[in-house]
Number of protein chains: 2
Amino acid sequence: MPENIATSEAGSPLYLRVRDQLAEQIERGEVTANIKLPSERVLAERFETTRVTARLALAQLEAEGRIYRSNRRGWFVSPPRLIYNPTEDYSFSDNAVTQGRLPRTETLEVRCTVASAWLAGKTGLETGDPVVLVRRRRYLDERPVLVENIYLNSRHLPGIKGFDFNRSLWKLLRDQYSVDLVQKKIEMFPTALVDPQASALSVNAGTAGLCVNRCSRDAAGVFVEFDEEFWLHDTLSIQVNVA
Amino acid sequence: MPENIATSEAGSPLYLRVRDQLAEQIERGEVTANIKLPSERVLAERFETTRVTARLALAQLEAEGRIYRSNRRGWFVSPPRLIYNPTEDYSFSDNAVTQGRLPRTETLEVRCTVASAWLAGKTGLETGDPVVLVRRRRYLDERPVLVENIYLNSRHLPGIKGFDFNRSLWKLLRDQYSVDLVQKKIEMFPTALVDPQASALSVNAGTAGLCVNRCSRDAAGVFVEFDEEFWLHDTLSIQVNVA
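Rules behind the numbers
Residues numbered from 1 in each chain as written. Chains lettered and ligands numbered in written order. Predicted model: local features only at pLDDT ≥ 70, side-chain atom pairs only at ≥ 80, totals over all residues. Heavy atoms only, no water. Domains from an automatic or database assignment. Contact = heavy atoms within 4.5 Å. Salt bridge = Lys/Arg side-chain N within 4 Å of Asp/Glu carboxyl O. Polar contact = N/O pair within 3.5 Å; in protein donor to acceptor, adjacent residues only side chain to side chain. Helix = DSSP H or I, 4+ residues; strand = E, 2+ residues; numbered from the N terminus. Nonpolar A, V, L, I, M, F, W, Y, C, P; charged D, E, K, R; others polar. Core = buried A, V, L, I, M, F, W, Y, C linked by side-chain atoms within 4.5 Å. Buried < 20%, exposed > 50% of the residue type's maximum accessible area, 1.4 Å probe, protein only. Least-squares fit on C-alpha atoms with pLDDT ≥ 70 in both. Expected span 1.5 Å × (residues − 1). Arc of directions from axis to C-beta. Axes fitted to C-alpha atoms, helices over the stretch in contact; angles between N-to-C directions. Parallel < 35°, antiparallel > 145°, perpendicular 65-115°, else oblique. Left-handed = near helix turned anticlockwise from the far one by under 90°. Pairing = 2+ DSSP bridges. Buried area = accessible area lost by both parts, 1.4 Å probe.

Participant: Describe in detail the domain arrangement of chain A, supporting the description with residues and values.
Facilitator: Residues and elements named next belong to chain A. Its domain assignment divides chain A into domain 1 (14-77) and domain 2 (82-238). Its C-alpha centre places domain 1 at a distance of 33 Å from the equivalent point of domain 2. In this assembly, seven residues from domain 1 lie in contact with four residues from domain 2. On inspection of domain 1 and its partner domain 2, the count reaches zero salt bridges. Here domain 1 and domain 2 share one residue pair in polar contact (both at pLDDT 80 or more) between them. Contributions of two or more residues to the side of domain 1 that touches domain 2 are made by helix H3 (51-63) and strand E1 (67-70). Each residue belonging to the side of domain 1 that touches domain 2 can be placed in one class, and the counts come to three nonpolar, two polar and two charged.

Participant: Describe the nonpolar core, with residues and values.
Facilitator: Counting 31 residues, the largest nonpolar core has Trp 231 of chain A together with Trp 231 of chain B as the members making the most contacts within it. Other than its neighbours up to four places away in sequence, Trp 231 of chain A contacts Leu 82, Phe 92, Val 145, Leu 146, Leu 193, Gly 209, Leu 210, Val 212 and Leu 236 of chain A.

Participant: Go over the relation of the copies chain A and chain B with me, naming the residues and quoting the values.
Facilitator: Rotating chain A by 180 degrees and translating it 0.0 Å along the rotation axis places it on chain B, where the RMSD comes to 0.0 Å. Expressed as an axis order, the relation between the two copies is that of a two-fold axis. Closest approach to the rotation axis among the C-alpha atoms of chain A is made by Pro 190 of chain A, whose C-alpha sits 3.2 Å away. When you check the interface residues of chain A against chain B, 100% turn up at the interface there too, and the contact is symmetric in its surfaces.

Participant: Could you give me a rundown of H3 of chain A, with the residues and numbers involved?
Facilitator: Residues and elements named next belong to chain A. Under the 1.5 Å per step criterion, the end-to-end length of H3 is 18 Å for 13 residues, consistent within 8% with the ideal 18 Å. When H3 is considered as a whole, its buried residues turn out to be Thr 53, Ala 54, Ala 57, Leu 58, Gln 60 and Leu 61. One side of H3 holds all its buried residues, which, seen down the axis, span an arc of 160 degrees.

Participant: Explain the packing of helix H1 (residues 14-27) of chain A against H3 of chain A residue by residue, including any values.
Facilitator: All names here are of chain A. Where H1 meets H3, the closest approach of the two axes is 8 Å, and the angle between their N-to-C directions is 60 degrees. In terms of orientation, H1 and H3 fall into the oblique class. For the crossing formed where H1 meets H3, the hand is right-handed. Here Leu 14, Tyr 15, Leu 16, Val 18, Arg 19, Leu 22 and Ala 23 of H1 come into contact with H3, specifically with Thr 53, Leu 56, Ala 57, Leu 58, Gln 60 and Leu 61. Of the residues assigned to the contact of H1 with H3, the class counts are 10 nonpolar, two polar and one charged.

Participant: A description of the sheet that holds strand E9 (residues 223-232) of chain B should follow, citing residues and the corresponding values.
Facilitator: One open sheet holds the eight strands; their spatial order is E3(A)-E10(A)-E7(B)-E8(B)-E9(B)-E6(B)-E5(B)-E4(B), and the pairing between them is mixed. Strand pairing shows two members of the sheet lacking a second neighbour, strand E3 (82-84) of chain A together with strand E4 (103-114) of chain B, which therefore form its edges. On average, each strand axis in the sheet is tilted by 20 degrees relative to the strand beside it, whichever way the strands run. Pairing of E3 of chain A with strand E10 (residues 236-242) of chain A involves three bridges; the strand directions are parallel. Of the residues in E10 of chain A, the one forming a bridge with Tyr 84 of chain A is Ile 238 of chain A. Against the sheet, helix H6 (residues 169-177) of chain B engages strand E5 (130-140), strand E6 (143-153), strand E7 (183-192), strand E8 (208-217) and E9 of chain B, with an angle of about 165 degrees to E9 of chain B.

Participant: Outline the interface of chain A and chain B, supporting the account with residue identities and numerical values.
Facilitator: The partner chain B presents 42 residues to the 42 residues of chain A that form the contact. Of the roughly 3,600 Å² buried between chain A and chain B on both sides combined, carbon and sulfur atoms contribute 55%. Our count for the contact surface shared by chain A and chain B stands at zero salt bridges. Our enumeration of links across chain A and chain B arrives at 10 residue pairs in polar contact (both at pLDDT 80 or more). Of all the secondary-structure elements, those providing two or more residues to the side of chain A that touches chain B are H3, helix H5 (117-123), strand E7 (183-192) and E10 of chain A.

Participant: Could you give an account of the sheet that holds strand E3 (residues 82-84) of chain B, with specific residues and numbers?
Facilitator: Strand order in this open sheet of eight strands is E4(A)-E5(A)-E6(A)-E9(A)-E8(A)-E7(A)-E10(B)-E3(B), and the pairing throughout is mixed. Each edge of the open sheet is held by one strand with a lone partner, namely strand E4 (103-114) of chain A together with E3 of chain B. Neighbour-to-neighbour, the strand axes of the sheet open up by a mean angle of 20 degrees, direction not taken into account. As paired strands, E7 of chain A and strand E10 (residues 236-242) of chain B are joined by five bridges and run antiparallel to one another.

Participant: So, the pattern of salt bridges: which residues are in play, and what are the values?
Facilitator: Opposite charge on two side chains permits pairing when their charged atoms draw close. Considering all chains together, one arrives at 50 salt bridges over all chains under this definition. A salt bridge links Arg 28 of chain B to Glu 24 of chain B, with the shortest nitrogen-to-oxygen separation between them at 3.8 Å. For Arg 28 of chain B, a relative accessible area of 53% translates into the label exposed. Glu 64 of chain B is the salt-bridge partner of Arg 66 of chain B, the closest N and O atoms lying 3.1 Å from each other. Take Glu 64 of chain B: its relative accessible area is 8%, and that puts it in the buried class. One continuous salt-bridge network, built from bridges that share partners, spans Arg 19, Asp 20, Glu 27, Glu 64 and Arg 66 of chain A.

This is the structure we're talking about:
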């Protein structure tokens, strides 16, 4: 059994017993990543229960990150979480490829704006300082897994708005501006996805997510970019090794 | 404005507009940590809406970690998340005190058991090897914030079962066994809380949580303890600085 299954006690609600049986099938590899689960109707018949109970069991497995729903296509077993080690220095794309995944980045919006009080507090910019906002959506194996708001210090990066953001931003900063992001302050916490993030990921407002904020500076300590990532809750595992 | 408020667009559902107004009051400090919010009935009157809409707005704020529900006592503004830096070496209690919080640890269960296949895979033990399982609940300012299953290598720690686990385990290992936990592999991911974790934290099964797993070895690389922590989703912020 590769993962710890919290098995419900006898006398627990029926939907949790259905959930246990489905979780065991997933653990045993009888249904695998990205394979479609049977419909609620079929599951209800198989477990000799109602569709309401089947739906509760599926919702529980979804909340645990074991299955996910794809718009109008039904329920699927979640692929493995992408492992992210915040102490290491790799791009999303390199990290995904290393783990045998197919990454893709899609730029949703690029525009000039000014730092809010919130952004100023996070970065050391003054409220009203010019920034370029880049909104991107990122995919693993063609499933959208995160949307991000990237705030770039436009005074420090003249002409940045004109570049292609579908490629690696870190490589762009290094190649075009000779800027290496050497100081990073990273903050990660569970949150609920609200719009516009939820709709960009095709999930309902209130769906569980993981927020990853990254404030990056160059070698001289100058603020370069603030990246606010909103991941689907079942797509990332943060791993750190201390020795 | 200390945090980024995703403000709903005009034309968004009414409950999200109620949510925005409540979020702004929280951000402005008009209602502060651990202060009780008005009842659903009062909120519905104040925002000239229904109790159903007020309840949806509260559920949304709860999912975001801005408010929490205390059993039968109503809704409260969430206190700040405890900051946890996995690359630093401090105990829960020391970390909490440093951040001005009052920690408390309560041992729920101590028993001898054997390593499951899951635990063996995580630790390098053989399935069936003897372990001592310690279940604890931890509080910040008397709010329960996590429950944990600690699996101790009993061959390596003779007599460990007899000690008091309401105190720091790391200090116990150092003082009584001269064991320092110098190698740690830490894994953190969002999850849904199921029983027995959910009921130990007085929340419903399916409530969002954050799982923190920590596999610790001594200087010689011998497995000492595996700690599986289940945090309420709104209580922890993981922070890492890279330079």
